[in-house]
Amino acid sequence: MNFELTDEQLQIQKMTREFAEKKLLPQVRERDEASKFPIEEFKELGKAGIYGLPYPEQFGGQGVGYLPYVLAVEEISKVDASFGIAFSVDTSLYGGSIMNSSAPDEIKKKFLEPIASGRCIGSFGLTEHSAGSDAAGQKTVATKDGDGYIINGLKCFNTNGPLADYTVVYCLTDPALGTKGMAAFVVQKGTPGFTVGQIEDKMGIRSAQVSDMVLENVHVPAENMIAKPGEGFKLAMKTLDGGRIGVAAQGLGIAEGAFEIARKYLMERQQFGRPLCKQQYLGFKMAEMKTDIEMAKLLVYKAAITKDEGKSYTVPAAMAKMACTNVAMKVTTEAVQMLGGNGYMKGYHVERMMRDAKITQIYEGTNEIQQLVISGTLFR
Ligand SMILES: Cc1cc2nc3c(=O)[nH]c(=O)nc-3n(C[C@H](O)[C@H](O)[C@H](O)COP(=O)(O)OP(=O)(O)OC[C@H]3O[C@@H](n4cnc5c(N)ncnc54)[C@H](O)[C@@H]3O)c2cc1C
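On a predicted model such as this, the values are computed, not experimentally measured, just so you know. All residue numbers refer to position in the chain's written sequence, counted from 1. Given that this is a predicted model, residues contribute local features only at a pLDDT of at least 70 and side-chain atom pairs are listed and counted only at 80 or more, while totals for whole chains, interfaces and linings are drawn from all residues. The side-chain figures draw on all heavy atoms in the structure; neither hydrogens nor water molecules are used.

1. Some thoughts on the overall build of the chain
Strands are runs of DSSP state E lasting at least 2 residues, helices are runs of H or I lasting at least 4, and numbering of each runs from the N terminus. Secondary structure assignment for the chain yields 12 helices and 10 strands. Expected size for 380 residues packed as a compact globule is a radius of gyration near 21 Å; at 21 Å, the chain falls within 12% of this value. For the chain, the spread of C-alpha atoms along the principal axes amounts to about 80 × 45 × 40 Å. For every residue, the accessible area (1.4 Å probe, protein chains only) is compared with the maximum for its type, and the residue is labelled buried under 20%, exposed over 50%, or partly exposed between those bounds. The buried share among the 380 residues of the chain stands at 55%. Total accessible area computed for the chain in this model is approximately 16,500 Å², and 55% of it derives from carbon and sulfur atoms. Only C-alpha atoms enter the radius of gyration; for comparison, a globular chain is expected to reach 2.2 Å times N to the power 0.38, where N is the number of residues. Accessibility throughout is a Shrake-Rupley quantity obtained with a 1.4 Å probe, and a residue counts as covered only by protein chains that appear here.

Given below as structure tokens:
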């Protein structure tokens, strides 16, 4: 067991930290207020190859594994969790769907390379109004049509939806078979009948773009079917295991970002004739928060390393997701309290971080669903 990062991992960590501080921090508050996504900055980071970190070079990726991807999401999310989730969905949910699929290599390359290179943006369409925690409740249907398929339905809560050049759409080819008839297709922006529906107005991660995606008689060629009927549900679940490691990294980053703001504030703010950090109560609280953060970090790094080693990572990913996101909620709430009235004001960032933290406990499987995943393995 080795707790040291390699030089390459440290380099990726440093690069993404500097990018977040220089390019994302200055306007993060304005973007949150205006619900505006920094598309130019997203493409700029993409050109550095960051969205292809875990994927083999033959598909346009960097081939350096999942741990560097986790480090990058963590660094970005310390500053801007909206950017963090856009990156995570792009890489692990869109990219993961392609890489985990049984599509031929040339199709994988065709649909992954534009995303891994940062030229294009990907999204993941699984959730529907009738299919949230229970992804089996799909109503979107793909019907065979000559050499392709016609898709009809509506995907909701689609992160990156309004920006995406490519979306993986999970749907049923035979509704009578339920999940046994689930397939997955890549649908490209501009395909007739494929439109962006309602764009959501959210509590947190306000700069991330989340919308309905409407499919009305959308014709897709057969080669866009990345999961054959019967393979789609398995593909979605496997891909979400990897996605949860990304959400865990996002939660960890949010917690670390808020912790650091609170740490500096407690050293500067004077009350009762001395800095607040001299109050043992607050120092002990910070000690507990730091310990929670370190525990969460070990779990998410372990989940990423387990994935990189080719072992089963379903349970490590679920544990990391639950732990890191609960720590994000706890630490951001405490940070707001430690900053007192200032913590409640927009200029100090921690109120945004507290709003951003909440969603990490909900998406890519709520933390109750993570408990189902973990407890399901305990009594065999
Ligand atoms: C901002 C945002 C972005 C998202 N991005 C995407 C995306 O890009 N792509 C995508 O496909 N989806 C996306 N989602 C969907 C997200 O993954 C779902 O919202 C989430 O899985 C929960 O589903 P639901 O909202 O339908 O809640 P429900 O399933 O209705 O759950 C409601 C509550 O009941 C609890 N619950 C449900 N079943 C059980 C059970 N068996 N035992 C105990 N408790 C249970 C849940 O934990 C939750 O607390 C996004 C959602 C949001 C809000």
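Now that the structure has been shown, we can carry on.
2. Some details on a nonpolar patch on the surface
A surface patch of nonpolar side chains, amounting to about 450 Å² of accessible area, comprises M1, F3 and L298. By the secondary structure assignment, L298 is in helix α8 (residues 280-308). Surface patches are drawn from residues lacking salt bridges whose relative accessible area is over 30%; two like charges belong together within 9 Å, two nonpolar side chains (Val, Leu, Ile, Met, Phe, Trp, Tyr) within 5 Å. In what follows, salt bridge is the name for a side-chain nitrogen of Lys or Arg lying within 4 Å of a carboxyl oxygen of Asp or Glu.

3. Some points on α8
Here the expected span of a helix is defined as 1.5 Å times the quantity of residues minus one. Taking 1.5 Å of rise per residue, 29 residues should cover 42 Å, and α8 covers 42 Å from first to last C-alpha, within 8% of that figure. All of the buried residues along α8 are L282, M286, M289, D292, I293, A296, K297, V300, Y301, A303, A304 and T306. In the segment just after α8, G310 is the residue with positive phi, at about 80 degrees.

4. Considering the environment of G125
Residue placement: G125 occurs in strand β1 (residues 122-125). Here G125 falls in the buried class, since its relative accessible area comes to 1%. Separated by 88 residues in the primary sequence, G125 and M213 place their C-alpha atoms 8.0 Å from one another. Throughout, a contact is declared for two residues whenever any of their heavy atoms are within 4.5 Å. Ignoring sequence-local partners within four residues, the contact set of G125 consists of K155, N158, T167, V168, V169 and Y170.

5. Details of the pairing of strand β7 (residues 210-221)
Strand pairing follows a simple DSSP-based rule, namely that at least 2 bridges must link the two strands. Looking at chain direction, strand β3 (residues 148-159) and β7 are connected through 9 bridges and run antiparallel. Counterpart to Y149 in the pairing with β7 is V220. As paired strands, strand β6 (residues 194-199) and β7 are joined by 4 bridges and run antiparallel to one another. Among the inter-strand pairings, I199 is bridged to a residue of β7, identified as S211.

6. Overview of the packing of aromatic side chains
Classification of ring pairs rests on two measures: the distance between centres of Phe, Tyr or Trp rings, Trp counted by its six-membered ring, which must be within 6.5 Å, and the angle between planes, read as stacked under 30 degrees, edge-to-face over 60 and tilted in between. Taken as a whole and assessed by the stated rule, the structure comprises 13 aromatic pairs. For the pair Y94 and Y166, a centre-to-centre distance of 6.2 Å together with 45 degrees between the ring planes defines the contact as tilted. Of this pair, Y94 sits in helix α5 (residues 81-100) while Y166 sits in strand β4 (residues 166-172), and the two are 72 residues apart along the sequence. For the pair Y94 and Y166, a shared accessibility class is recorded, and that class is buried. Centroid distance F111 to Y166: 6.0 Å. Interplanar angle 70 degrees. Geometry classified as edge-to-face. Of this pair, F111 sits in helix α6 (residues 105-116) while Y166 sits in strand β4, and the two are 55 residues apart along the sequence.

7. What to know about the site of the ligand
Taken together, 17 residues are adjacent to the ligand, and T127, S133, F157, T159 and T366 come closest. Polar contacts here mean pairs of N or O atoms no more than 3.5 Å apart (in protein, one a potential hydrogen donor and the other a potential acceptor; neighbouring residues in sequence count only if both atoms are side-chain atoms). A distance of 3.0 Å is found between an oxygen atom of the ligand and a backbone nitrogen or oxygen belonging to L126. At a separation of 2.7 Å, a nitrogen atom of the ligand approaches a polar backbone atom of F157. Here the ligand has 970 Å² of accessible area as a free molecule, and 64% of this is covered by the chains. Throughout, the protein atoms alone are placed on a 1 Å grid, and a set of points is a cavity if a 1.4 Å probe fits but cannot get out or a pocket if it is open with protein on both sides within 12 Å along at least five of seven lines; lining residues have an atom within 4 Å of a point. To be counted as sitting in a cavity or pocket, a molecule needs more than half of its atoms within 2 Å of that site's grid points. If you map the ligand onto the pockets, it falls in the largest pocket. Only β3 and α12 (367-375) provide two or more residues apiece to the shell around the ligand. Here the element with the most residues in the shell around the ligand is β3; it accounts for 3 residues. Classification convention: Asp, Glu, Lys, Arg as charged; Ala, Val, Leu, Ile, Met, Phe, Trp, Tyr, Cys, Pro as nonpolar; all other residues, Gly among them, as polar. Grouping the amino acids of the shell around the ligand by side-chain chemistry returns 7 nonpolar, 7 polar and 3 charged. Any residue with a heavy atom positioned within 4 Å of a molecule or strand is treated as near that molecule or strand.

8. Some points on α5
In the structure, α5 departs most strongly from a straight axis at V89, where the bend amounts to approximately 30 degrees. With 19 of 20 residues buried, α5 lies mostly within the body of the structure. Where α5 starts, the residue carrying a side-chain oxygen 3.1 Å from the main-chain nitrogen of S82 turns out to be D80. The angle between axes fitted to the seven-residue stretch ending at a residue and the seven-residue stretch beginning at it gives the bend at that residue.

9. Comments concerning the side chain of K202
By the secondary structure assignment, K202 is in the loop between β6 and β7. Engagement of the side chain of K202 in a polar contact is seen with the backbone oxygen of I205, the distance being 3.3 Å. Not counting chain neighbours up to four residues away, the residues in contact with K202 comprise A208 and V210.

10. A word on the state of the cysteines
The definition used for a disulfide is geometric: two cysteine sulfur atoms within 2.5 Å. On inspection of all chains with the given rule, the structure shows 0 disulfides. With no disulfide partner, C156 has as its closest neighbouring cysteine sulfur the one in C171, 15 Å distant.

11. Focus on unusual backbone geometry
Of note in the backbone geometry, N217 takes a positive phi value of approximately 50 degrees without being a glycine. Looking at the element boundaries, N217 is found in strand β7. Here H349, not a glycine, exhibits a phi torsion of approximately 75 degrees, which is positive. Following the sequence through the fold, H349 ends up in the loop between α10 (340-343) and α11 (350-360). A residue is classified by how much of its surface remains accessible, and H349, at 19% relative accessible area, is buried.

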